[in-house]
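Summary of structural features
For reference, the chains in residue letters:
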Amino acid sequence: MKLRKKIEQTASAIIVVMAVTVTTAVIIAVSLEYTATIRRFVQRSEARQSAIAVGDGALEQAFCYWRGICRLDTDTPLNTVSFDTIPLPTQAQFPNINNFTASASPADLTLTHPPTVSNYSVIAVDPELNPVVPGATPIPGMGQGPLSKTYYYLAQADVTLPVLRDNVSAKVRRVLQKEQVSPWSWAIFYVDPLEIHPGALMNVYGWVHTNGDLYTGHNLLHFLDKVTYASDWLVGFDAGDPRAPTGSSPEAPTSPSYPSNLPPAYDMAHQPFGLDSSLIFSSTDTNPNNDSYHELIEQANSGYSDPLSGKRYYDQAGIRILIDSSNNVTIKDSTDIALDASSPNGGGQVYTIFKNAITTNQSIQDNREGSSVRLATLDVGAVNDKIRDGTLSSFNKIIYIADTSANATGGTPKRGIRLKNGANMANGGLTVASSNPVYIQGDYNTGGANPPSNSGDATQPQVAGYTRQPCAVVADSVNVLSSAWLDSKSSSDVSSRDAVNTTVNAAVVAGIVPSQNNVYSGGAENFLRFLEDWGGRTFTYYGSMVELYQSRQGIGKWGSDNVYSPPARQWYFDTNFQFNTPPGSLLVYSYTKGRWFLAQ
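To start, this report covers the structure provided alongside it.

In terms of helices and strands, the protein chain carries five helices and 31 strands. Relative to the globule expectation of 25 Å for 600 residues, the C-alpha radius of gyration of the protein chain, 34 Å, shows a markedly less compact shape. Overall, the protein chain is about 145 × 60 × 50 Å in size when its C-alpha atoms are taken along their principal axes. Excluding contacts between residues fewer than 6 apart, the proportion of contacts in the protein chain whose partners are at least 24 apart in sequence is 66%. The averaged location of the 52 negative side-chain charges in the protein chain is 11 Å from the averaged location of its 42 positive side-chain charges.

In structure tokens form, the structure reads like this:
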């Protein structure tokens, strides 16, 4: 009995040991499986993060090439086929990814080792991100005005990475946006740094933007709408301004006012014609056609490549007027054929109209330039009369006029173009462009002399019954002369050059003389230049001020003695430009990376 009981006890112990061993083995097996599962989960999670990172890198490359291709043909809405040349990512770009390969085609997931990056492409989509037929023109999203459009593209990359027993994938997508807008959507638009330091109360109505730094240093400045900059905003002064900390007369800056919910903010650079100035312009090479955006108001030199071909105002103009050193006037049509009184197909009549509208060899003293300036005066009223009566019905309302004998670097001889009798514009407006400084004399685009704004009512910058037309003046610099201006008094003391209340309704594209060597540029408040005693007088301006370049001929520094005394400024953004822009093409573009997401 004792032996049987001992055997039974031994057997029970063995069973317990075996049970414990089996249980332990099960626990170990479960633990190993759990550990392996966790390991697989961790590996898959890490691989997925790596896949997303690879996809991000691939899409960054796609964005850079997409933007570069768009910049080669900014005027054309490019379709999907246009981006077939975007190169595939390479192993060198992803050295930590073993056996990296890439394909523009979707991956064949039946393969043991599908491409690391597949379906790599940029496709045109509509505003709802639906793919557009590869060869079809994309449909834009429309903005505030008829020229405000956004074209949408989808950059895509499917990334596959190997993991234990399987592959992990991530379908990375990024919306790319090409935004097109008129620079005349802004009250003030600068390519260069923008300084605004008014000496009297200044209200700025409408948007303000600079592709450079924004300098504001006075609490007399009041922004009433959106203000953006592509570099930085400084409550202070440019280093070249004498009021800067290192200048000759340091001044404590004060902050401007702005809506509490709309402080100045960062925004993307908006490039004229979508061209990257840092890539297309060089003043040190042998090509005279690619120095700066000042080329827009110059004639191209033949025999050299021209990045602004077709975009120059000379190229766009329906009438081209050139004046030489002997005051000989050459008038050309839009095909660059010189006209004379006997030109066929109405060319002779066109020649006679413009020849009679031009007066040459007039001279004034411009004290800001410290020099006499020979002027050619264009009677804008005479041209508009012929547009209204149908004689110039086929004219595209863009005039290019320049005195080609001017010193192109700001020395002597100095030349300029004067616009007179421009109060009453024909329907559709008028754009006048010149490589010289332009002098606007008297009320411009007001419908007649002395609109209500000249008597203090800034809400009515035109006479009753007249509709402001979309007009523009594009020049090296733009000066305003009142209706009281007399050439004979231009060299007299400023106190003898009394101005009268004047109104100008036009968009202006002009250059500046930047702050440098302890001399202030004059700022945006002096973007339009003056030569009279405006003390107690009012200048009313409805328009949009656009700075794309530095002046080359009107290089006189602001702040010289005996030049002008400032007017009371009534400055307003002309909201009509949001829907009806002046004749001619001038657009700015921005290229941005929009919504990012993972596709299913």
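We are not done yet, so read on.
For Thr360, the position within the fold is in strand 17 (residues 358-366). Judged by its relative accessible area of 25%, Thr360 is partly exposed. Other than its neighbours up to four places away in sequence, Thr360 contacts Asn327, Val329, Leu375 and Ala376.

To continue, consider helix 4 (residues 347-356). Along helix 4, the residues that are buried comprise Gly347, Gly348, Val350, Tyr351, Ile353 and Phe354. Of the surrounding elements, those touching the buried residues of helix 4 are strand 15 (319-323), strand 16 (329-332), strand 17, helix 5 (380-388) and strand 19 (398-403).

In this structure, Ile188, Phe354, Leu419 and Tyr444 are the most contacted members of the largest nonpolar core, which totals 66 residues. Take this core: its biggest share by element is four residues, from helix 4. Setting aside chain neighbours within four positions, we find Phe354 in contact with Ile319, Ile321, Ile331, Val383, Leu392, Phe395 and Ile399. In this structure, Val54, Phe83, Val122 and Leu587 belong to the second largest nonpolar core, which totals 36 residues.

This next bit is on the sheet that holds strand 12 (residues 233-235). Strand order in the open sheet made by the three strands is 6-9-12, with parallel pairing throughout. Of all strands in the sheet, those with a lone pairing partner are strand 6 (194-196) and strand 12, marking the two edges. For this sheet, the mean angle separating the axes of adjacent strands, direction not counted, is 15°. Examined bridge by bridge, strand 6 and strand 9 (residues 214-216) share three bridges and lie parallel to one another. Residue pairing across strands places Leu194 opposite Leu214, the latter belonging to strand 9.

The next thing to look at is helix 5. Because an α-helix packs 3.6 residues into every turn, residues spaced three or four apart end up facing the same way. Turning to helix 5, its buried residues number three or more, namely Val380, Gly381, Val383, Asn384 and Ile387. Each buried residue of helix 5 lies within a common arc of 160° when the element is viewed along its axis, so the set occupies one face. Contact partners of the buried residues in helix 5: helix 4, strand 18 (371-379), strand 19 and strand 20 (415-420). The N-terminus of helix 5 is capped by Asp379, whose side-chain oxygen sits 3.1 Å from the backbone nitrogen of Gly381.

The residue Asp241 is located in the loop between strand 12 and strand 13 (265-266) in this model. With a relative accessible area of 0%, Asp241 lands in the buried category. Not counting residues up to four positions away in its chain, the partners in contact with Asp241 are Glu195, His197, Gly247, Ser515, Asn518 and Tyr520.

This part is about the layout of surface pockets. Quantified by volume, the largest pocket comes out at close to 510 Å³. For the largest pocket, the lining is made up of 29 residues, of which Gly199, Glu525, Pro566, Pro567 and Arg569 are closest to its centre. Of the residues forming the lining of the largest pocket, the biggest block, five residues, is contributed by strand 30 (residues 568-573). Of the residues contributing to the lining of the largest pocket, the split by class is 16 nonpolar, seven polar and six charged.

To summarise the sheet geometry, strands pair through backbone hydrogen bonds and adopt either a parallel or an antiparallel arrangement. Taken in spatial order, the three strands line up as 25-28-30 in an open sheet, and their pairing is parallel. Each of the sheet's edge strands pairs with one partner strand only, and the pair in question is strand 25 (502-505) and strand 30. For this sheet, the mean inter-axis angle between neighbouring strands, taken without regard to orientation, is 10°. Note: strand 28 (residues 538-543) against strand 30, six bridges, orientation parallel. Each bridged residue has a counterpart across the sheet, and for Thr540 the counterpart in strand 30 is Gln570.

The rules behind the values
- Residues numbered from 1 in each chain as written.
- Predicted model: local features only at pLDDT ≥ 70, side-chain atom pairs only at ≥ 80, totals over all residues.
- Heavy atoms only, no water.
- Helix = DSSP H or I, 4+ residues; strand = E, 2+ residues; numbered from the N terminus.
- Rg over C-alpha atoms; globule rule 2.2 N^0.38 Å.
- Contact = heavy atoms within 4.5 Å.
- Lys, Arg positive; Asp, Glu negative; His and termini not counted.
- Charge placed at Lys NZ, Arg CZ, Asp CG, Glu CD.
- Buried < 20%, exposed > 50% of the residue type's maximum accessible area, 1.4 Å probe, protein only.
- Core = buried A, V, L, I, M, F, W, Y, C linked by side-chain atoms within 4.5 Å.
- Pairing = 2+ DSSP bridges.
- Axes fitted to C-alpha atoms, helices over the stretch in contact; angles between N-to-C directions.
- Arc of directions from axis to C-beta.
- Polar contact = N/O pair within 3.5 Å; in protein donor to acceptor, adjacent residues only side chain to side chain.
- 1 Å grid on protein atoms, 1.4 Å probe; cavity = no way out; pocket = protein on both sides within 12 Å on 5 of 7 lines; lining within 4 Å.
- Points joined across faces, edges and corners; volume = space filled by probe spheres on them.
- Nonpolar A, V, L, I, M, F, W, Y, C, P; charged D, E, K, R; others polar.

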